[in-house]
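Chain and residue survey
Listed below, chain by chain, are the residues.
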Amino acid sequence: MLNSKIPSGELEQKWKDYKGHVKLVNPANKRNLEVIIIGTGLAGASAAASLGELGYKVKAFCFQDSPRRAHSIAAQGGINAAKNYQNDGDSVFRLFYDTVKGGDYRSRESNVYRLAEVSSNIIDQCVAQGVPFAREYGGLLSNRSFGGTQVQRTFYAAGQTGQQLLIGAYQALERQVALGNVKMYSRHEMLDIVKIDGKARGIIARNLVTGELERYFGHAVLLCSGGYGNVFYLSTNAMGSNVTAAWKAHKQGAYFANPCFTQIHPTCIPVTGDHQSKLTLMSESLRNDGRIWVPKKQNDTRKASEIPEDERDYYLERRYPAFGNLVPRDVASRAAKERCDAGYGVGTSKQAVFLDYAAAIERYGKIECGKHGIDDPSAEEIRHHGMEVVKEKYGNLFDMYEKITGENPYEIPMRIYPAVHYTMGGLWVDYELMTTVPGLYALGEANFSDHGANRLGASALMQGLADGYFVIPYTLGNYLADEIRVKEIPTSHPAFEEAEKAVAEHIQKLKNINGTQTVESFHKRLGKIMWDKCGMARNEQGLKEAIQEIAQLKEEFWKDVRIPGEINEMNPELDKANRVADFIELGQLMCLDALTRRESCGGHFREEMQTEEGEAKRDDANFCFVSAWEFKGDAAPELHKEVLEFEVAKPTQRSYK
């Protein structure tokens, strides 16, 4: 039976009461407790900095050459917080409700409320660190809107919010490194969890420079290793992002929750050909001022500038008048796919829609002309001043688009199409962020806990920093308070030896295949299966076919993959092979989870389960639960269910009309 450890009492008091009664570790004992942290993105860096500041002995690992290379740096648009600076009706409760509703009622109420509650603290923390959030003329922090909300609660630093937040967390981390509280291991990849007496007590890591396997002890292990979107091959994730840390933990007993819940981001630069190895995200903040449209005529080959206003279909504004272009990501993505599938797509591939800034430039231009006392401005003056405003708010995003496509988005509309971006699924964790393995925690995108079946924009940065700065320092202490009598276990312990031996044998087995096909070719084929049959839309037949096709791909991989180079040296191809082997197994579980969940909700859209208007149709009577899968070796994985109970945000059919 899954025990989520949700505190009793009123929703608004749960976290406060928990903190008031949680077990504590005194400062002298913290110096004797060691914590391993895998990953140094926002969740990992903030956790390492916070725990180091508290006095724990922290070992932090990342496979990049620096913590600053973590993929959190790529986040663009902003971070949510219920500050209500705009005085537009926002509150902790409204952020909580928007998040539960946006996730299509498939998230845990208590975790989401806690996230909304600590969100304001995150902004204060980051401002104190010197994060250069955008500000209004009077000096107050600026806010903008994101999808799924009717208020402005997103704090931002132009289109590089993730970078600025990560620099803040990195500075805090490096301070602890300098003080000796955190030891940093870059270019190291975790390849297994070491368990002793059922508890996580360390890891086996591969030094990616020398190829050597190394053993590390910890009283607890925190996985902050991000999501698994690269199972689709083409995604907005960094090329190195992978599922290996989480998957190895899964094989050691950590349940994997809701693996089929994948977020498709509606605002990405479309695929241009087989040469691509990743896709580029254009921030959701662009939907704040941009208008999305397609021609009203099918297979229209005219340029955007040649299509008059009355022949344009602003389909999001038409279908969802209450939210317009700011509907949640899953809704916007499916709407774009529907228009393109119906023959209204634009560009050479016809798999794109327009994101147009002409109206925003004109609107801002008129306001600025008024500010400058220009009573009867010309079209050129309006355009000039309007472009200056847009450039200030979104300039780096526009520059990035032009560099990639060769088109000037100030002059002609951007072309966008949905792409894999984020994974709501992840390791199952309880209220304390502990997995089903005692002493093993998962933070940020690596866990499943806060977003349900769809994540609202600007909430990933919020969750990562909330988990690292404000949640884990309390919940980890509650566990470690009972571990203070456990002395450091030498890495010569049989459990470490056995774990290292198993990892070495696995690597040797991979290397010994000596096949003819590249790792990349297998990853590409896996991605195509996943996108075609477990992507934006799924159906029973396609999922069953995908499970069979992935099984065949797995068999072929273990017979014919070619890995050049040697084991005991820097060997990126070997590293990649290890990750792709895990992606293949994950792909099977994702398709099984999607097949089992016979409903549509959020990012999981089963074609058999939709309303007459083509919207997702939930089945609360039969599927109001978290799917938590237990690894069973060669046998089929076992499904455990955490029933979701909604005491405050009662499930209703989502409507953004």
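Above this text sits the structure in question.
Residues numbered from 1 in each chain as written. Predicted model: local features only at pLDDT ≥ 70, side-chain atom pairs only at ≥ 80, totals over all residues. Heavy atoms only, no water.

**What to know about the packing of aromatic side chains**
- Enumeration over the complete set of coordinates arrives at 26 aromatic pairs.
- Look at Tyr-357 and Phe-398: their rings are 5.1 Å apart centre to centre, the planes differ by 90°, and that puts the pair in the edge-to-face class. Taken as a pair, Tyr-357 in the loop between β14 (353–356) and α10 (358–371) and Phe-398 in helix α11 (residues 379–405) lie far apart in primary sequence, 41 residues in all.
- With a relative accessible area of 2%, Tyr-357 lands in the buried category.
- Relative to Tyr-410, the ring of Phe-398 has its centre 4.6 Å away and its plane inclined at 35°; by these criteria the two rings are tilted. Placement of Phe-398 in helix α11 and of Tyr-410 in the loop between α11 and β15 (414–423) is noted, with a sequence separation of 12 residues between them.
- The exposure class of Tyr-410 is buried, given its relative accessible area of 9%.
- Members of the aromatic cluster, joined through ring pairs, are Trp-15, Tyr-18, Tyr-431 and Tyr-474.
- Across from the ring centre of Tyr-422, 4.1 Å away, lies the NZ or CZ of Arg-455, which sits over that ring.
- Seen from the ring of Phe-63, Arg-579 lies directly overhead, with NZ or CZ sitting 4.9 Å from the centre. (Phe/Tyr/Trp six-rings, centres within 6.5 Å; stacked < 30°, edge-to-face > 60°. Helix = DSSP H or I, 4+ residues; strand = E, 2+ residues; numbered from the N terminus. Buried < 20%, exposed > 50% of the residue type's maximum accessible area, 1.4 Å probe, protein only. Lys NZ or Arg CZ within 6 Å of the ring centre and 35° of its normal.)

**Looking at unusual backbone geometry**
- Phi angles above zero are rare outside glycine, and Asp-197 is one such case at about 55°.
- Note that Asp-197 resides in the loop between β6 (188–196) and β7 (199–207).
- A positive phi angle is found at Asn-299, which is not glycine, with a value near 50°.
- Within the secondary structure, Asn-299 is located in the loop between β12 (291–295) and β13 (312–313).

**Observations concerning the environment of Val-194**
- With respect to the secondary-structure elements, Val-194 resides in strand β6.
- As a C-alpha pair, Val-194 and Tyr-216 span 22 residues in sequence and 8.9 Å in three-dimensional space.
- The contacts of Val-194, once residues within four sequence positions are left out, are Lys-199, Ala-200, Arg-201, Gly-202, Ile-203, Ile-204, Ala-495, Phe-496 and Ala-499. (Contact = heavy atoms within 4.5 Å.)

**Comments concerning the packing of helix α3 (residues 42–54) against helix α12 (residues 460–480)**
- One can describe the packing of α3 onto α12 by two numbers: an axis separation of 8 Å at closest approach and a directional angle of 30°. Relative to α12, α3 is oriented roughly parallel. Considering only the axes of α3 and α12, their crossing is right-handed. Here Leu-42, Ala-43, Ser-46, Ala-47, Ser-50, Leu-51 and Leu-54 of α3 come into contact with α12, specifically with Leu-461, Gly-464, Leu-465, Gly-468, Tyr-469, Ile-472, Pro-473 and Leu-476.
- Across the contact of α3 with α12, the residue classes tally to 11 nonpolar, four polar and no charged. (Axes fitted to C-alpha atoms, helices over the stretch in contact; angles between N-to-C directions. Parallel < 35°, antiparallel > 145°, perpendicular 65-115°, else oblique. Left-handed = near helix turned anticlockwise from the far one by under 90°. Nonpolar A, V, L, I, M, F, W, Y, C, P; charged D, E, K, R; others polar.)

**A closer look at empty space enclosed by the protein**
- Tallied over the entire structure, the rule returns five cavities of 30 Å³ or more.
- As for the largest cavity, its lining consists of Thr-262, Gln-263, Ile-264, Arg-329, Asp-330, Ser-333, Arg-334, Asn-454, Met-536, Gly-602, Gly-603 and Phe-605.
- Of all the elements in the fold, those that place two or more residues in the lining of the largest cavity are β11 (262–268) and α9 (329–344).
- Of the residues forming the lining of the largest cavity, the biggest block, four residues, is contributed by α9.
- Partitioned by chemical class, the residues of the lining of the largest cavity number three nonpolar, six polar and three charged. (1 Å grid on protein atoms, 1.4 Å probe; cavity = no way out; pocket = protein on both sides within 12 Å on 5 of 7 lines; lining within 4 Å. Points joined across faces, edges and corners; volume = space filled by probe spheres on them.)

Everything listed is a geometric property; what it means functionally is a separate question.
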